[in-house]
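Chain by chain, the residues run as shown.
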Amino acid sequence: MNIPPRTPLVQQVTDALRRAISSGEWPVGARIPAEPALIERFAVSRGTLREAIKALSHAGMLQVRRGDGTYVRTRSEIEGAIGQAYQRHSDQDVMQVRFALDAQAARLAAGVAGEAELEQLRAILAERRRAWEVEDIEGWIDADWNFHLGVARASGNALLAELYASFGDVFHGSKLAQRLYRGFDGCRAAGHEELLEAIAAADPEAADRSTVSNLLYCLSFTEAG
C-alpha cells in the first residue's frame with residue numbers, strides 16, 4: 001500500500017499563513033497577529049512559526065520589521081516576486097509584457113464573458129469617463145485598472161487573472177500618473193469601449209486589435225518619458 005507522505009509541519013503552517021493572507025483575513029499593509037497568538041492558533045513551536053514566516057518573507061508576501069512586527073506586503077507569492085523583480089526593468093519592458101497579457105486576456109474574454117461581467121465592465125468604464133472629465137486622476141487610475149483587471153478575470157483563465165492582478169502596482173503605479181500630465185488622452189475608446197464591444201460581440205480578433213492599439217498609444221508616452 002502506498003501511503004502519501006505527510007506534509008512537513010513548517011509547510012502546513014506556511015500554507016495556513018498564505019491562506020489567511022490571500023483570503024483577505026490579513027489585508028495588505030496590516031500587521032499580522034503577534035507570535036504568541038499565532039503559536040496558540042496553529043499549536044506549533046516558536047521555531048516552526050518563525051520558519052514559516054521566514055519562507056513567506058523571502059517570497060515577498062510578508063515583511064518582518066524588527067521591534068515592530070510582521071506586515072503583509074502582497075496577497076500572493078506571484079505578486080511578491082513580480083514586485084521585487086520589476087524594479088530591475090524599464091517602463092518599456094513592463095509595457096511589452098502588458099502586450100502579451102492584455103491581448104490574450106481580451107481574446108479569451110471575447111469567447112467566454114457573460115452578461116453579468118459585461119455589465120460590470122460597462123459600469124467601470126462609465127466611472128472611468130466621469131473621473132477623467134472632472135479631473136479626478138486617482139479615481140481615473142483606479143477605474144482604468146479595475147477595467148483591465150476585470151477583462152483578465154472575464155477571460156475564464158484563473159492563472160492569467162492572478163498573474164495580471166500581481167502587476168497592479170507596476171501597470172498602474174506613480175509613473176502612469178506622471179504621464180497623464182503630458183497630453184495623455186484618458187478617454188480613448190480603443191482598448192476600452194471598443195474592446196468591450198468586441199468582447200460582447202464575441203470577436204477575439206477585434207478585441208486583440210483594440211487592445212494593441214491602446215497599448216501602442218501608451219507605449220508612445222512611455223518612450224517619450
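An unreviewed UniProt entry lists the protein under the name Transcriptional regulator, GntR family, with Arthrobacter rhombi given as the organism.

Further remarks concern empty space enclosed by the protein. Tallying each qualifying case throughout the model produces two cavities of 30 Å³ or more. Looking at the second largest cavity, the residues that line it are Asp102, Ala105, Ala106, His148, Val151, Tyr164, Gly191, Leu195, Thr211 and Asn214. Of all the elements in the fold, those that place two or more residues in the lining of the second largest cavity are α5 (91-112), α7 (137-154) and α12 (204-224). With three residues, α5 is the single largest residue contributor to the lining of the second largest cavity. Counted by class, the lining of the second largest cavity contains five nonpolar, four polar and one charged residues.

Let's shift gears to the side chain of Asp208. Along the polypeptide, Asp208 turns up in helix α12. With sequence-adjacent residues up to four places away left out, Asp208 is seen in contact with Ala103 and Arg107.

Of the voids in this model, the second largest pocket is the one considered here, and its volume is about 310 Å³. Glu35, Ile53, Val64, Gly69 and Thr70 are, among the 15 residues lining the second largest pocket, the residues nearest its centre. At the level of elements, α2 (35-42), α3 (46-58), β1 (62-65) and β2 (69-72) are the ones that each hand at least two residues to the lining of the second largest pocket. Class assignment for the residues of the lining of the second largest pocket results in six nonpolar, three polar and six charged.

Rules of the game
- Every chain is numbered on its own, with residues counted from 1 as its sequence reads.
- Under the rules for a predicted model, residues below a pLDDT of 70 receive no local features and side-chain atom pairs below 80 are neither given nor counted, while totals for whole chains, interfaces and linings still include all residues.
- Side-chain numbers come from the whole structure's heavy atoms, not from hydrogens or water.
- Both cavities and pockets are sets of points on a 1 Å grid over the protein atoms alone; in a cavity a 1.4 Å probe fits but cannot get out, in a pocket the set is open with protein on both sides within 12 Å along at least five of seven lines, and lining residues sit with an atom within 4 Å of a point.
- Grid points are joined across faces, edges and corners, and a volume is the space filled by probe spheres set on the points.
- Secondary structure counts use DSSP, requiring at least four H or I residues in a row for a helix and at least two E residues in a row for a strand, with both numbered from the N terminus.
- Three categories are distinguished: nonpolar for Ala, Val, Leu, Ile, Met, Phe, Trp, Tyr, Cys and Pro, charged for Asp, Glu, Lys and Arg, and polar for the others, with Gly belonging to the last.
- Whether two residues are in contact is decided by their heavy atoms: any pair within 4.5 Å suffices.

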